[in-house]
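# Coordinate inspection notes
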Amino acid sequence: MTATHSLQLAPPAAQSPAGPGRGSYWITTFGCQMNKADSERMAGILETLGYREASAELSADLVLYNTCTIRDNAEQKVYSYLGRQAQRKRLNPHLTLVVAGCVAQQEGEALLRRVPELDLVMGPQHANRLDTLLAQVEQGQQVVATGEHHILEDITTARRDSAVCAWVNVIYGCNERCTYCVVPSVRGQEQSRRPEAIRLEMEGLAARGFREITLLGQNIDAYGRDLPGITPEGRRQHTLTDLLHHVHDVEGLERIRFATSHPRYFTERLIDACAALPKVCEHFHIPFQSGDDAVLKAMARGYTVERYRRILSRIRERMPDAAISADVIVAFPGESEAQFRRTLALIEEIGFDQVNTAAYSPRPNTPAADWPDQLSETVKVERLQELNALVERTARRRSARYQGRLVQVLVEGPNPRQASQWMGRTRTNRLTFFSADQPAGAGPGSGAPAVQAGDLVNVRIEEVRAFSLSGTLA
Ligand code: SAH
Ligand code: SF4
Ligand code: F3S
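Residues numbered from 1 in each chain as written. Chains lettered and ligands numbered in written order. Predicted model: local features only at pLDDT ≥ 70, side-chain atom pairs only at ≥ 80, totals over all residues. Heavy atoms only, no water.

## As for helix α1 (residues 33–48)
To keep it simple, the criterion reads: Numbering of helices and strands runs from the N terminus; a helix is a DSSP stretch of H or I covering at least four residues, while a strand is a stretch of E covering at least two. By definition here, a helix of n residues has an expected span of 1.5 Å times n minus one. For every residue, the accessible area (1.4 Å probe, protein chains only) is compared with the maximum for its type, and the residue is labelled buried under 20%, exposed over 50%, or partly exposed between those bounds.
Taking 1.5 Å of rise per residue, the 16 residues of α1 would be expected to cover 22 Å, and the 23 Å separating its terminal C-alpha atoms lies within 8% of that figure. Counting buried positions over the 16 residues of α1 gives twelve, a clear majority of the element. Buried residues of α1: M34, N35, A37, D38, S39, E40, R41, M42, A43, G44, I45 and L46, and no others. Positive phi shows up at G50, right after α1, with a value of about 105°.

## Some points on the side chain of E335
Test applied: Polar contact is the term for a pair of N or O atoms within 3.5 Å; when the atoms are in protein, one must be able to donate a hydrogen and the other to accept it, and sequence-neighboring residues count only if both atoms are side-chain atoms. Contact criterion: two residues are considered in contact whenever any of their non-hydrogen atoms come within 4.5 Å of each other.
One can find E335 in the loop between β14 (323–330) and α12 (337–350). According to the relative accessible area criterion, E335 is buried, its value standing at 3%. Within polar-contact distance, the side chain of E335 engages the side chain of R383 at 2.9 Å. Once you skip the residues sitting within four places of it in the chain, E335 turns out to touch V295, I329, V330, F340, T343, L375 and R383.

## Notes on the site of ligand 2
This is how the line gets drawn: Put simply, a residue is near a molecule or strand once any heavy atom of it comes within 4 Å of that molecule or strand. Under the scheme applied, nonpolar residues are Ala, Val, Leu, Ile, Met, Phe, Trp, Tyr, Cys and Pro; charged residues are Asp, Glu, Lys and Arg; polar residues are all the others, including Gly.
The local shell around ligand 2 consists of C174, E176, C178, Y180, C181, V183, P184, Q218, H262 and R301. The class makeup of the residues in the shell around ligand 2 is six nonpolar, two polar and two charged.

## Looking at the environment of G147
Along the chain, G147 turns up in the loop between β7 (142–145) and β8 (165–169). Take G147: its relative accessible area is 11%, and that puts it in the buried class. The spatial distance from the C-alpha of G147 to the C-alpha of R225 is 23 Å, given a sequence separation of 78 residues.

## With respect to the pairing of strand β4 (residues 62–67)
Filter applied, for reference: The pairing criterion is simple: DSSP has to find at least two bridges between the two strands. By definition, the crossover connecting two strands over a helix is right-handed if that path, from the first strand to the second, turns clockwise as seen with the strands pointing away from the viewer.
Burial within β4 is extensive, with six of its six residues counted as buried. Of the two faces of β4, the one holding L62, L64 and N66 and the one holding V63, Y65 and T67 are both buried throughout. Judged from the five bridges that link them, strand β2 (residues 23–29) and β4 form a sheet pairing that is parallel. Residue pairing across strands places T29 opposite N66, the latter belonging to β4. In terms of strand pairing, β4 meets strand β5 (residues 96–101) through six bridges, oriented parallel. Each residue of the ladder has a partner; that of T67, found in β5, is G101. Viewed along the sheet, the connection from β4 through helix α2 (residues 72–91) into β5 turns out right-handed.

## Concerning the packing of aromatic side chains
Note the threshold: Pairing of aromatic side chains here covers Phe, Tyr and the six-membered ring of Trp, requires ring centres within 6.5 Å, and sorts the geometry by plane angle: under 30 degrees stacked, over 60 edge-to-face, intermediate tilted.
Counted according to the given criterion, the structure contains eleven aromatic pairs. When the ring of F30 is compared with that of Y81, the centres are 5.2 Å apart and the planes differ by 80°; the resulting orientation is edge-to-face. In this pair, F30 sits in the loop between β2 and α1 while Y81 sits in helix α2, placing the two residues 51 residues apart along the sequence. Where Y180 meets F332, the ring centres are 6.3 Å apart and the plane angle is 85°; that geometry is what we call edge-to-face.

## Re the side chain of E40
With respect to the secondary-structure elements, E40 resides in helix α1. Judged by its relative accessible area of 6%, E40 falls in the buried class. In this structure, E40 is in contact with A158, R159, R160, D161 and W167, ignoring residues within four places of it in sequence.

## Comments concerning empty space enclosed by the protein
Convention followed: Detection works on a 1 Å grid of protein atoms alone, calling trapped sets that fit a 1.4 Å probe cavities and calling open sets with protein on both sides within 12 Å along at least five of seven lines pockets, with lining residues defined by an atom within 4 Å of a point. Grid points are joined across faces, edges and corners, and a volume is the space filled by probe spheres set on the points.
The final tally for this structure, using the stated rule, is two cavities of 30 Å³ or more. A volume near 70 Å³ is recorded for the largest cavity. Lining the largest cavity are D38, R41, P124, Q125, A127, N128, I151, Y172, G173 and R187. Tallied by class, the residues present in the lining of the largest cavity amount to four nonpolar, three polar and three charged.

## Considering the sheet that holds strand β13 (residues 283–285)
Note on sheets: strands pair through backbone hydrogen bonds, and any given pair is parallel or antiparallel. The condition is simple: For every element, the axis is a line fit to its C-alpha atoms; helices are fit only across the contacting stretch, and the angle between N-to-C directions ranges from 0 to 180 degrees.
Across the sheet, three strands lie side by side as β13-β14-β15; this open sheet has parallel pairing. On the outer flanks of this sheet lie β13 and β15 (354–359), each paired with one strand and no other. On average, each strand axis in the sheet is tilted by 10° relative to the strand beside it, whichever way the strands run.

## Here's the deal with the site of ligand 1
Selection criterion: Here, Shrake-Rupley sampling with a 1.4 Å probe gives the accessible areas, and only protein chains in the shown set may cover a residue.
Not every one of the 15 residues close to ligand 1 is listed here, only the nearest: Y180, Q218, Q289, D327 and S361. Backbone polar atom of Y180 to a nitrogen atom of ligand 1: 3.0 Å apart, as the coordinates give it. D327 is positioned such that a nitrogen or oxygen atom in its side chain is 2.6 Å from an oxygen atom of ligand 1. Taken by itself ligand 1 offers 540 Å² of open surface, and the protein chains cover 89% of this. If you list the elements that add at least two residues to the shell around ligand 1, you get β14 and β15. Here the residues of the shell around ligand 1 are counted per class, giving seven nonpolar, four polar and four charged.

Below is the structure:
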């Protein structure tokens, strides 16, 4: 199954000593939460191999870029980073250079031709095999690992960036065929993890002190489609709803989130489960992409604006305070001014807490990239600016409801920009800063801290901004 192959194109990478003390590593992660989760697992593998985290990118012995290709600007970013490292490598042949993630999968061997200094090019399905692939590099090979691969369970080694909130993958890949999107071609077929394995990982995280877990999938509503089993009532045995029921009582966990939801598959059963299970937070990330039915059809999204409205009204019926976020694309090929206005109108009507916006970017091996009715850069920029201004106004309006309110915050740590404050999130995922009698920066000897990372506290909100809140510990 694994189509890893090696090419003998360049002088072998210098041997590094085996076992502990191999040198330092640096990982830069681009793109989505899936990539962040993969990077945490790869960092864990490197530390198990004896690498330690470098203090700076330009002094590291191993540099790994975990890349994203969702839009052209995301892809181009990595080439400028690579240019700098290739230059370093010409002076220091001991440097190991790795490109992982979605650009690696998309470009494969072509990346080696473009940057001959690379040691390893590895697609996202190979993240858990980093140790094996590096062993091949150490034997002097240039390695390309981009074959379709069954993702092996590997949960023990992740080095998590937070001590409070963690990601847990539940389904890899995507079987949808949205006409603009490169993800299915770089992330491969859907592969759901077994519910028992997911629960085990969550229990391990809770035992290590994690309080919040976000379950991840590019299309998380597809969870379980590829697992066998039918219930006596004749429905699929493994769905996201069943998974939430299966994991929600993991002891020590306070909050569970999940992303990303697809409106085509979002069910009433799921909404009811979210309302019924107290740890599942009332925040939903449901991209709608366009407010116009004809554009949605051209995108092959498989739902109408009316269906999207019905999902949201059901959510708000059951969870009136729920926060809703989404993704949207403007200037999709052929999008008329009137169709764009329908997207704006939908944002106005729904009142989103947050919307990730993007102008359409043609991607390799996607149908829409070849359509003749591409829009100009000028139209893209104009529409994006107008959209962003509206998104900010809407978010500000949604934030206003918190003014003066007492909200529950899960403390993540000190505010990195102002050490006297603490930082955390509400159940609805609003970033919240607050001060307490005991400042966040206070060191040992200043008495028992009133607050620490991982605590659930109540904060009185005194100031609201579009995307964050500030207040005082109640
Ligand atoms: N699986 C998720 C989103 C994955 S990609 C979903 O189905 O909604 C994240 C976001 O990037 C998408 O929601 C979309 O808004 C944006 N995106 C994807 N391809 C794009 C493209 N070619 N140009 C511009 N934005 C794109
Ligand atoms: Fe891309 Fe569509 Fe899959 Fe989302 S559901 S990752 S937009 S193909
Ligand atoms: Fe980017 Fe790959 Fe995620 S293309 S958005 S890193 S799945």
